[in-house]
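Below, each chain spelled out in residue letters.
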Amino acid sequence: MNVSTSALGVRRRKATSQNIDEEENAAVLKLGPEFQLQQMTNSGETEQLIALNNSEARLLIRAALKERKNKNNRGQQTAEDVENEENEKEDEISNMELAGPDSNEIMHKTLNYLANFARFKNSSSVETVEKLLTDFSASASEPLHPFELAQLGSLECEEAEEAKSLIPSLAHKVSDVQLQTLLTELRKYQTIS
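The sections below set out a description of the structure shown in this document. Just so it is clear, the model here is predicted, and its values are computed rather than measured.

The rules behind these values
- Residues numbered from 1 in each chain as written.
- Predicted model: local features only at pLDDT ≥ 70, side-chain atom pairs only at ≥ 80, totals over all residues.
- Heavy atoms only, no water.
- Patch = residues over 30% accessible without salt bridge, like charges linked within 9 Å, V, L, I, M, F, W, Y side chains within 5 Å.
- Areas by Shrake-Rupley, 256 points an atom, 1.4 Å probe, with all protein chains shown as cover.
- Salt bridge = Lys/Arg side-chain N within 4 Å of Asp/Glu carboxyl O.
- Helix = DSSP H or I, 4+ residues; strand = E, 2+ residues; numbered from the N terminus.
- Phe/Tyr/Trp six-rings, centres within 6.5 Å; stacked < 30°, edge-to-face > 60°.
- Buried < 20%, exposed > 50% of the residue type's maximum accessible area, 1.4 Å probe, protein only.
- Axes fitted to C-alpha atoms, helices over the stretch in contact; angles between N-to-C directions.
- Parallel < 35°, antiparallel > 145°, perpendicular 65-115°, else oblique.
- Left-handed = near helix turned anticlockwise from the far one by under 90°.
- Contact = heavy atoms within 4.5 Å.
- Nonpolar A, V, L, I, M, F, W, Y, C, P; charged D, E, K, R; others polar.
- Core = buried A, V, L, I, M, F, W, Y, C linked by side-chain atoms within 4.5 Å.
- Expected span 1.5 Å × (residues − 1).
- Polar contact = N/O pair within 3.5 Å; in protein donor to acceptor, adjacent residues only side chain to side chain.

Let's talk about a nonpolar patch on the surface
Okay, step 1: On the surface, Ile50, Leu52 and Leu60 cluster together into a nonpolar patch covering about 320 Å² of accessible area.
Okay, step 2: The residue Leu52 is located in the loop between β2 (46-48) and α1 (54-73) in this model.

Below you can see the structure in the form of structure tokens.
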């Protein structure tokens, strides 16, 4: 057996000692500065943080790629081709075809990930879910962070207990009954594929 001699005398660093009180409380949402509710734009203006769930991200990326593809092919297409493309269902266009042959591996992996894990595939379902989540946040005892809403829209939780274990910061913001009602409603709009 070959053993690296450089690793024999090395001791691992120990974590700095912490009091139990200093450990992170999972019921409190502690995110970095990139998740502050007020964000600074490139032009120096402030705007509200936007967090997308997987379904919203999938729709936006696919729309941007379709627009790019249409711009690149406009000179070569007839009016009939453009009309046929617009009528084509979104899911009939494969990720490889949509991204194009010159796209990179990361784009393909991202599109495949979103195709697998997006719960809501069509735009009407995504819009309805966004409204449900916004209304749910308004009815909570404390407004939900956009990150929490995005997680509720992305995770396929069946029970309120499961959602609270995956998103612990929800524990003191919403009741189990409210959360279970939302999860039941979300399941109605989920696309089975």
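Concerning the packing of aromatic side chains
Okay, step 1: For the structure on display, the rule yields one aromatic pair.
Okay, step 2: Geometrically, the ring pair formed by Tyr113 and Phe117 is tilted, given 4.8 Å between the ring centres and 45° between the ring planes. Of this pair, Tyr113 and Phe117 are both found in helix α4 (residues 105-117), four residues apart, which corresponds to roughly one turn of the helix.
Okay, step 3: Here Tyr113 falls in the partly exposed class, since its relative accessible area comes to 43%.

Considering the packing of α1 against α4
Okay, step 1: Where α1 contacts α4, the two axes come as close as 9 Å, and the packing angle between them is 135°. As far as their axial angle goes, α4 and α1 are oblique. Seen along the crossing, α1 lies across α4 with a hand that is left-handed. Facing α1, whose interface residues are Asn54, Ala57, Arg58, Ile61, Arg62 and Leu65, α4 presents Met107, Thr110, Leu111, Tyr113, Leu114, Ala115 and Phe117.
Okay, step 2: Classifying every residue of the contact of α1 with α4 gives nine nonpolar, two polar and two charged.

What to know about the nonpolar core
Okay, step 1: In terms of nonpolar packing, the biggest core is built from 20 residues, with Leu144, Leu152 and Leu179 touching the most fellow members.
Okay, step 2: Every element with two or more residues in this core is listed here: α5 (123-139), α6 (146-154), α7 (160-166) and α8 (176-189).

A word on the side chain of Lys164
Okay, step 1: Tracing the chain through its elements places Lys164 in helix α7.
Okay, step 2: Taking relative accessible area as the criterion, Lys164 reaches 17% and is therefore assigned buried.
Okay, step 3: Ignoring any residue separated from it by four or fewer positions in sequence, one finds Lys164 in contact with Leu170, Ala171, Val174, Ser175, Asp176 and Leu179.

Focus: α1
Okay, step 1: If you check α1, its first and last C-alpha atoms are 28 Å apart, about what 20 residues at 1.5 Å a residue would give, namely 28 Å.
Okay, step 2: Three or more residues of α1 are buried, namely Asn54, Ser55, Glu56, Ala57, Arg58, Leu59, Arg62, Leu65 and Asn70.
Okay, step 3: For α1, the N-terminal cap is Asn53; the gap from its side-chain oxygen to the backbone nitrogen of Ser55 is 3.0 Å.

Considerations on the packing of α5 against α6
Okay, step 1: At a minimum axis distance of 10 Å, the contact between α5 and α6 shows a crossing angle of 135°. When the axis of α5 is compared with that of α6, the two are oblique. Where α5 crosses over α6, the two elements pack in a sense that is right-handed. Contacts between α5 and α6 involve Leu133, Phe136 and Ser137 from the former and Leu149, Leu152 and Gly153 from the latter.
Okay, step 2: Counted by class, the contact of α5 with α6 contains four nonpolar, two polar and no charged residues.

What to know about the environment of Asn53
Okay, step 1: Along the polypeptide, Asn53 turns up in the loop between β2 and α1.
Okay, step 2: Considering only alpha carbons, one finds Asn53 and Ser154, 101 residues apart in sequence, at a separation of 5.2 Å.
Okay, step 3: In this structure Asn53 touches Leu133, Ala150, Gly153 and Ser154, once residues within four positions along its chain are discounted.
Okay, step 4: At a separation of 2.9 Å, a polar atom in the side chain of Asn53 contacts the main-chain amide nitrogen of Glu56.

Observations regarding the side chain of Asn53
Okay, step 1: Note on Asn53: relative accessible area 3%, which makes it buried.
Okay, step 2: Reaching out from Asn53, the side chain makes a polar contact with the backbone nitrogen of Ser55 at a distance of 3.0 Å.

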